[in-house]
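Topology and contacts: notes
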Amino acid sequence: MESNIQNRTLIAVGKDEETIYEFQVKNSYEFSTKGQKLKVEIIEEADGFLFFACEGVRYPVEIVSVRQNNYEVMVNGVSYNFTIETPFSLKRRQILAANRPVSDTEELHAPMPGKIVSVAVEVGQEVNPGDTLLVLEAMKMQNTLTAMSKGVVTAVKVKAGISVGKDDLLVEIKKA
């Protein structure tokens, strides 16, 4: 069965809304981005494990969730959140975002279920982009979650040793 997305331009948009990768889909296995052709394969082993192969290098992959065009994919134990857009839907999304009210609060939500290993901040503490907020253990891997903007911590909703679910609110920061 032929894919209905052959010879189309698609755009992957990162969760930060600023990371954008445009790519062309020629067929099921040939993609190009920034003028570079890539041979890509999705391989499902007999034991049910899924691998993503790009230019012959294989990466273990787990598709964690799919909601419309929103994807969460775990590659080599690292979680990636992104959407797939057409040029038209990306332009529409950018127009809607430009008209959205600006929030002065950053909320850190759990990117996956896991256990809080440590909390590095407390209410009233000033943070800068990249500062460690907490460490979340998921699938035997420790993930350091960091601040995305400068501000002051207004709420810490978790403590070390508790388990959290995906999208649980962990920390709130009032942006400076």
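Model, not experiment: these values are computed from the prediction.

**Things to note about the confidence of the model for the protein**
Across the protein, the average pLDDT comes to 84, with 91% of residues at or above 70. Low pLDDT, under 50, characterises residues 1-5; the predicted model gives this stretch three contacts beyond four residues in sequence or across chains.

**Thoughts on the layout of surface pockets**
Computed from the structure, the second largest pocket encloses a volume of approximately 260 Å³. Looking at the lining of the second largest pocket, the elements with two or more residues in it are β1 (8-14), β6 (57-67), β7 (70-75) and β8 (78-85). Classifying every residue of the lining of the second largest pocket by side-chain character gives five nonpolar, six polar and seven charged.

**A word on the pattern of salt bridges**
Under the criterion given, the structure shown has five salt bridges. Among the ionic pairs, Arg 58 bridges to Glu 45, the shortest N-O distance being 2.6 Å. Here Arg 58, found in strand β6, pairs with Glu 45, found in the loop between β4 (36-44) and β5 (50-54); they are 13 residues apart in sequence, far enough to count as distant. Under the relative-accessibility criterion, Glu 45 is labelled partly exposed at 28%. Between Glu 72 and Lys 166 there is a salt bridge, with its nearest N and O atoms 2.8 Å apart. Pair noted here: Glu 72 is in strand β7 and Lys 166 is in the loop between β15 (163-164) and β16 (169-175), with a separation of 94 residues, a long-range link. The network of salt bridges with common partners includes Glu 72, Lys 166 and Asp 167.

**Focus on the sheet that holds strand β9 (residues 105-109)**
Strand order in the open sheet made by the four strands is β9-β16-β14-β11, with antiparallel pairing throughout. Each of the sheet's edge strands pairs with one partner strand only, and the pair in question is β9 and β11 (126-127). Relative to β16, strand β14 (residues 151-156) runs antiparallel, the two sharing five bridges. In the sheet register, Gly 151 faces β16, and the bridge partner there is Lys 175.

**Side note on the side chain of Glu 72**
We classify Glu 72 as buried; its relative accessible area is 1%. Beyond its immediate sequence surroundings of up to four residues, Glu 72 is in contact with Glu 62, Ile 63, Val 64, Ser 65, Ser 79, Tyr 80, Asn 81, Pro 111, Met 112 and Lys 166.

What counts and how
Residues numbered from 1 in each chain as written. Predicted model: local features only at pLDDT ≥ 70, side-chain atom pairs only at ≥ 80, totals over all residues. Heavy atoms only, no water. pLDDT = per-residue confidence, 0-100. Contact = heavy atoms within 4.5 Å. 1 Å grid on protein atoms, 1.4 Å probe; cavity = no way out; pocket = protein on both sides within 12 Å on 5 of 7 lines; lining within 4 Å. Points joined across faces, edges and corners; volume = space filled by probe spheres on them. Helix = DSSP H or I, 4+ residues; strand = E, 2+ residues; numbered from the N terminus. Nonpolar A, V, L, I, M, F, W, Y, C, P; charged D, E, K, R; others polar. Salt bridge = Lys/Arg side-chain N within 4 Å of Asp/Glu carboxyl O. Buried < 20%, exposed > 50% of the residue type's maximum accessible area, 1.4 Å probe, protein only. Pairing = 2+ DSSP bridges.

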